[in-house]
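Here is what each chain is made of, one letter per residue.
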Amino acid sequence: YKLSQWEGRLPPETSCTVRATFCGSLGKFCENLFIETEKMGFVKFFVCRGHCAAPSMKFDTERTVQYGPCLVGKRAGALVKFRNDGDYVLNGAIIANYPIRANKTEISVSGNGHDSLELTWIPTGCYELKSTVSVETNAGNFLINVRGNGVFPKLKAAPSVLDFGVCAIGHEYAKTLKITNLGECTTRWNIPTMPSGFQCSAGTGELKSGESDRVEV
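How each quantity is defined
- Residues numbered from 1 in each chain as written.
- Predicted model: local features only at pLDDT ≥ 70, side-chain atom pairs only at ≥ 80, totals over all residues.
- Heavy atoms only, no water.
- Helix = DSSP H or I, 4+ residues; strand = E, 2+ residues; numbered from the N terminus.
- Buried < 20%, exposed > 50% of the residue type's maximum accessible area, 1.4 Å probe, protein only.
- Contact = heavy atoms within 4.5 Å.
- Pairing = 2+ DSSP bridges.
- Axes fitted to C-alpha atoms, helices over the stretch in contact; angles between N-to-C directions.

### Quick word on the environment of L71
Locating L71 in the fold gives a position in strand β6 (residues 64–71). Residue L71 is classed as buried on the basis of its relative accessible area of 13%. Here the alpha-carbon distance between L71 and T124, two residues 53 residues apart in the chain, equals 9.1 Å. Each residue touching L71, except ones within four places of it in the same chain, is listed here: P123, V151, F152, P153, C185, T186 and T187.

Structure, rendered in structure tokens:
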């Protein structure tokens, strides 16, 4: 314990302020102190108590974000969850390096509380992403590694020509078009317009890598 002053004199009808500070180990503390005066036998007791605590940042998952293959120009997002295992408030700053964006620049988590951080990336080309996000807190500094690959969609439509041959007026004929995703990530496809007299069994779809759709025309 430290007091701003241990003794003094008070004129009548006056007061003074004494500042008490404490620096100790983790855990609760409680001390009984007292004030003596010139009056014999007069003692005024008071109690100093509190709880020394520290923040402790823990991540619920590995500190590596793996986006995997991501379409160029399409937003990819990942959620990083963390918690404060300590009793003291966890405060910190988030520093995201380009091209990663974070949904917040500061964090404040109460004791034994939880929070999360969303990291987003929009690939601007076909390249491998290797970036980091720094989390600088009063419990230490942490790095989150961010990895991913920007890829272009790669669809194959076969056959390239639907040849109906010679057709009779007023009769309906059908051909099948197979659409295959040859790329590394999920891709959406659509047939925006159809000429007069034509119909498709499906006008849009979504294909994971290696999947195919069959469309009857």
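### Describing the sheet that holds strand β12 (residues 128–137)
Spatially, β6-β13-β12-β8-β10 is the arrangement adopted by the five strands of the open sheet, whose pairing is mixed. Among the strands making up the open sheet, the edge pair consists of β6 and β10 (106–109). Between one strand axis and the next, the sheet turns through 20° on average, direction left out of account. Judged from the ten bridges that link them, β12 and strand β13 (residues 140–151) form a sheet pairing that is antiparallel. Residue pairing for β13: S134 is matched across the bridge by L143.

### Focus: the pairing of strand β4 (residues 43–52)
Direction of pairing for strand β3 (residues 27–36) relative to β4: antiparallel, over a ladder of ten bridges. Across the sheet, residue C30 finds its bridge partner in β4, namely R49. Hairpin geometry of β3 and β4 is characterised by an intervening segment of six residues between the two adjacent antiparallel strands and by a positive phi of about 80° at G41.

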